[in-house]
Amino acid sequence: MNSIRQVPTRVKSRRTETSLGAEREHFDKQQLSSISKAINSSETPVKEKHARRIVLGTHREKGAFTFWSYALGLPLASSSILSWKFCHVLHKVLRDGHHNSLQDCMRHHSNIKEMGTLWGNLHDRYGQLVALYAKLLCNKMDFHLKHTEIQPNLEVSDEVLERTAGTDINNVFQLTVEVFDYLDYELKLAETVMRQLNTSIAISTTTSGQCRLAPLIQVIQDCSHLYHFTVKLLFKLHACLPADTLQGHRDRFHDQFHSLKNFFNKARDMMYFKRLIQIPRLPDSPPNFLRASALAEHVKPVVVIPDEEPVEEDDGEPLVEVSESSQPVLQSQPQLDIFDRTFGPPNGGFDERDVQIDNLKREIELLRVELERIKAEAQRFITQLKSQINSLEAELEEQRAQKQRALVENEQLRMELEALRRQSTESEGLQATFMEAEKRAQATEMRYAKLKEKHAELVSSHAELLRKSADTVKMLSATQQTQEEVARTKQQLAFEIERVKQDSDMKLEEQKFEMDRLRRELEEKRNEVSRIQGALEGNLAAGQKLNGAVAALQAEKEALLRSVSEREAELSSLRQDSQLQQSSLLQERERSTRELGELQGKLQEKTSREEQLQQKLLEEQFSLLQGTVTEAAAIIQDAAAKLDDPLHVRCTSSPDYLITRAEATLGSIDKVKQGHSEYLRNMGDASGLLRALTQFSHLTADTIVNGSATAHMAPTDHADRLTESCRNCATQSLSFLHELKSRASLQRADPAAVRLVVQRILQLSRELQPKGRDIREEELGDMVDKEMAATSAAIEEAVRRIDEMMNQARKDTSGVKLEVNERILNSCTDLMKAIRMLVIASTDLQKEIVESGRGAASVKEFYARNSRWTEGLISASKAVGWGATQMVESADKVVLHMGKYEELIVCSHEIAASTAQLVAASKVKADFNSRKLTTLQQASRYVNEMAAKVVASTKTGQEQIEEKDNMDFSGMSLIKLRKEEMESQVKVLELETQLESERMRLGELRKKHYELAGEPLEPLHEGNGFTSAASPSSPKPSKPAIMKKPLLAQKPSVPPKNPFR
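Here we summarise the structure given alongside this text. (Residues numbered from 1 in each chain as written. Predicted model: local features only at pLDDT ≥ 70, side-chain atom pairs only at ≥ 80, totals over all residues. Heavy atoms only, no water.)

**Concerning the overall build of the protein chain**
Along the backbone of the protein chain there are 30 helices and zero strands. Considering the protein chain as a whole, with its 1061 residues, one finds that 37% of them fall into the buried category. Considering only contacts in the protein chain between residues 6 or more positions apart, those separated by 24 or more positions represent 81%. Accessible area for the protein chain stands at about 61,200 Å²; split by element, carbon and sulfur atoms hold 53% of it. (Helix = DSSP H or I, 4+ residues; strand = E, 2+ residues; numbered from the N terminus. Buried < 20%, exposed > 50% of the residue type's maximum accessible area, 1.4 Å probe, protein only. Contact = heavy atoms within 4.5 Å. Areas by Shrake-Rupley, 256 points an atom, 1.4 Å probe, with all protein chains shown as cover.)

**As for the pattern of salt bridges**
All chains considered together, the criterion is met by 30 salt bridges. A salt bridge links glutamate 48 to lysine 92; the nearest nitrogen and oxygen atoms lie 3.4 Å apart. Note that glutamate 48 is positioned in helix H2 (residues 48-61) and lysine 92 in helix H4 (residues 80-96), a separation of 44 residues in sequence. For glutamate 48, a relative accessible area of 38% puts it in the partly exposed group. Close ionic contact of glutamate 297 with arginine 291 constitutes a salt bridge, the shortest N to O distance being 3.5 Å. The class of glutamate 297 is exposed, set by a relative accessible area of 55%. (Salt bridge = Lys/Arg side-chain N within 4 Å of Asp/Glu carboxyl O.)

**Section: unusual backbone geometry**
Although it is not a glycine, lysine 62 adopts a positive phi angle of roughly 60°. Mapped onto the elements, lysine 62 comes out in the loop between H2 and helix H3 (65-71). Take lysine 62: its relative accessible area is 48%, and that puts it in the partly exposed class. Positive phi outside glycine occurs at leucine 154, with the angle close to 65°.

**Focus: the nonpolar core**
The biggest cluster of nonpolar side chains holds 87 residues, and the ones touching the most others in it are Phe67, Phe86, Phe263 and Phe273. At 13 residues, helix H11 (residues 216-238) tops the list of elements feeding residues into this core. Among the nonpolar cores identified, the runner-up in size contains 44 residues, and Leu658, Ala662, Val672 and Ala719 belong to it. (Core = buried A, V, L, I, M, F, W, Y, C linked by side-chain atoms within 4.5 Å.)

**Details of the side chain of histidine 648**
Mapping histidine 648 onto the fold places it in the loop between helix H18 (547-641) and helix H19 (655-681). Here valine 705 takes part through its backbone oxygen, which lies 3.5 Å from a polar atom of the side chain of histidine 648. (Polar contact = N/O pair within 3.5 Å; in protein donor to acceptor, adjacent residues only side chain to side chain.)

**Points about the environment of leucine 896**
If you trace the backbone, leucine 896 turns up in the loop between helix H27 (867-895) and helix H28 (901-923). Exposure remark for leucine 896: the relative accessible area of 44% places this residue in the partly exposed category. Taking the C-alpha atoms as reference points, leucine 896 and methionine 805, separated by 91 residues in sequence, lie 9.3 Å from one another.

**Re helix H6 (residues 109-120)**
A rise of 1.5 Å per residue sets the reference length of H6, with its 12 residues, at 16 Å; its end C-alpha atoms lie 17 Å apart and thus fit the reference within 8%. Among the residues of H6, His109, Ile112, Met115, Gly116 and Trp119 are the ones counted as buried. Angularly, the buried residues of H6 cover 130° about the axis, an arc narrow enough to put them on a single face. Opposite the buried face of H6, by more than 90 degrees, sit the exposed residues Lys113 and Glu114. Lining the buried residues of H6 we find H3, H4, helix H5 (101-106) and helix H7 (125-146). (Expected span 1.5 Å × (residues − 1). Arc of directions from axis to C-beta.)

**Notes on the packing of helix H8 (residues 158-165) against H11**
For any two helices packed against each other, one specifies the inter-axial angle together with the distance between the axes. Relative to each other, H8 and H11 sit at 55°, their axes nearing to 11 Å. As summarised for this structure, H8 and H11 are arranged oblique, according to the angle between their axes. Along this stretch, H8 crosses H11, giving a crossing that reads as right-handed. Where H8 abuts H11, its residues Asp158, Leu161, Glu162 and Ala165 lie against His228, Phe229, Lys232, Leu233 and Lys236. (Axes fitted to C-alpha atoms, helices over the stretch in contact; angles between N-to-C directions. Parallel < 35°, antiparallel > 145°, perpendicular 65-115°, else oblique. Left-handed = near helix turned anticlockwise from the far one by under 90°.)

**Topic: the packing of aromatic side chains**
Two aromatic rings are characterised by how far apart their centres lie and by the angle between their planes. Counting across every chain of the model gives 14 aromatic pairs. Pairing phenylalanine 67 with tryptophan 68 gives two aromatic rings, centres 5.8 Å apart and planes at 75°, and the pair type is edge-to-face. Look at tyrosine 227 and phenylalanine 257: their rings are 6.2 Å apart centre to centre, the planes differ by 35°, and that puts the pair in the tilted class. In this pair, tyrosine 227 is assigned in helix H11 and phenylalanine 257 in helix H12 (residues 247-268), connecting sequence segments 30 residues apart. For phenylalanine 257, a relative accessible area of 1% puts it in the buried group. Here the aromatic residues Tyr227, Phe235, Phe253, Phe257 and Phe289 are joined through ring pairs into a cluster of three or more. Stacked on the ring of phenylalanine 622, the Lys or Arg arginine 743 has its end atom at 4.1 Å from the ring centre. (Phe/Tyr/Trp six-rings, centres within 6.5 Å; stacked < 30°, edge-to-face > 60°. Lys NZ or Arg CZ within 6 Å of the ring centre and 35° of its normal.)

Interpretation in functional terms is not warranted from these geometric data alone.
Structure, rendered in structure tokens:
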């Protein structure tokens, strides 16, 4: 029985489900009707009521499933107009529909794209529009699917936009590019529609024109929000990134700004849009993103949709049918089913509850329908209120902007007035400013000239950049001339304004003075009239006797009143004249203000042009820096390539030379660091950094090459470390140069790593440098050093003895003998000093030869390899010392009258020959371009000059001392003369015979000397395989290469004196 009683409830539930199914069927029919009426092939615009029903349908079912279920059956490929209207309705669904509509539309993304591709390949006017519209819709869906915080209608606050962009500058940059693309699709569609309207007969008042223009309402709404987004994002980017990085963004925004402004202006002039939408006005010029304060001047463009007229229902079907006629069951009593008729109704309690339940369910359904209708109405009211709020916000922003502009204009007028007053006092300051600007321009021109001269020698490809620099200089000079013209114009204008102001002030002062005078007279007359009236009132009681006086006073009063009225008329005329003059002055002031504004505009234009030229200069300087860095990197890479070059293995170098290269490289690194800091302070002048980089690259490459050459002669461990250090030097140098090539890494470029590697190379080269403890045995090296030291000691001893002889001669002699002795001893002293300089120069050259030739070997090994050259050096040094000793002894004998003057002459010739031998022995292995070799040759010439001086002094003294016999033959007879002649001939023959024998003896002595000098000091060094000093490179190969004097017995050693007093 319980189940039987429950049967009516189940039957009534099925009836409720049937009612809901009917309502759903009614909704589907209504949606199908609206879609078929909105999307058809007739060239008419989509009616707003059908589009609104489709949009409300998406809100009712919380998605666009029903819309797409019918839209997929439309023959979109058969008609371009049908596809165009479909895109229009889909755009409205995306903008105003339920937020789930975006997900439903994304499922058919490929269908929309295929439709656009199809019509894009066909030559049809609407087909071109459909292709562009399909791309726009696909981009719109992709953008809003990626950025879910931004609704498809783009109505979001600035806070939501900031949150979407985030704090990562890369995300802000990417979002800006996506908004740019979004706006490009919108503007391209709008421009194509406008272009087709201009080239066809359709206008905005015809149905064909309105069919094309109808979707542009949604385009205008999207563009206004996208323009605001781009402005906000670009200001945010400019706050975080340098201006030159965003130059492309600014150029793209300017193009979009002008296109959008042109589109808004054309759409605002069309009658079709005037009744449907209020299009905002964009500013005359795009915002200046380089000035952060310009963000406060930006006004968000707001599109206002006016309140819509009530829509007349053409099909007689309400949007949601809730009338009582559609629910006849509500008025009728519930019918009894077969169980109730057969078994009778159940007990009354259950029947009443069932009826109440059915009534409550129906009421719930009615309330649900009513709730949906109320929601739809509320959504419509919310949309209207939002549009009103947007319009009010736009008006409020416009009022604020007008107020701000008024305040700015007032402030500008006040400042202009103060500036005009200060014009006379500031003229000198302006002249000084312009002179300083001219000096800066001249300095800039000189800097360009210097840059042109310096970098013309670097690379031939830089010639074009230098010509651009010259053009920039010319433009700067033209800008300077324009500034001077503007300054002269401003001075003339200021003079005219001051003159007009003075005239107006004088006229105003005269008028004020006249008005004050008239006021005073009027006041006096009024006081007098008041006094007369008081007297008349006081004397009225006097009676008839004063009537005559009263009449006279009355007449005088009338005359005074007439004069007062005349004065007032004159005063009014003067006021009118003053007002006219003030109006003329105001007009003149306005004209002056306009002219001043024009001049200021020109000045701002010139200033912007100067900024562009300065930016161009910075770019050119950076391009020069990049070219120099590229060349420097190529030089260092070439040097690094030689580390692995097998042909470079034969090259060798000395640690001392490597030390000089490394120290020079460290100095160039300091210059590079200084030039880098100077370039960062002034990026308009890169000359210092370019010079430093050029020197740095060459010195670093030289260090790398010589380090590799030095490693070829070094021990294995040192060679490996030195080669690795050279490789690291090349790597660090290239890394540093790579940082200099990029603007992003230019600030943090630091050559500290290069400095550390070069210091390591310097340390290794110093470790390879031979130490003084290399030679410890009594071998050739020690003999050379000892012999040079002994020669220096002998020369110092000779100088000391000559000083003693000079003092002794001054005590013992006087007169001509003293003069001759002083002259000879002074010339000998000068010769000893010259020999001492020669020995010092020879010692320095010898050290240079040993250090440059021994490589990684020790000094002992070098002397052992070059034994013959070493022996020649020792022999030459001994010959110089022996000659100096003999010179002192001969001079001592001459001063004591125990020797001959010829001995001094012979000693001088011997010293000249010994010094020539020393120079020849040193020159054999010296570098031809060595400075120390030049010094040695100069010292040798100086010794020859001093030796010649000694010979001349000796001969002169000999002529002064020797007495000449007077040859007087007047008293001799012929026989006597004959006899004397024969004796003289005999003496001549004896002397000639003696001379010939002495010459033969001298020849034998020299021959024996050559034989003794040709014997080696130590037979162990013969046949060692090295080239000796007597090789074919010797300048005299026919004679023995070494001339050696026998060892001489030295005088007792005496502590040497300083020869140079």
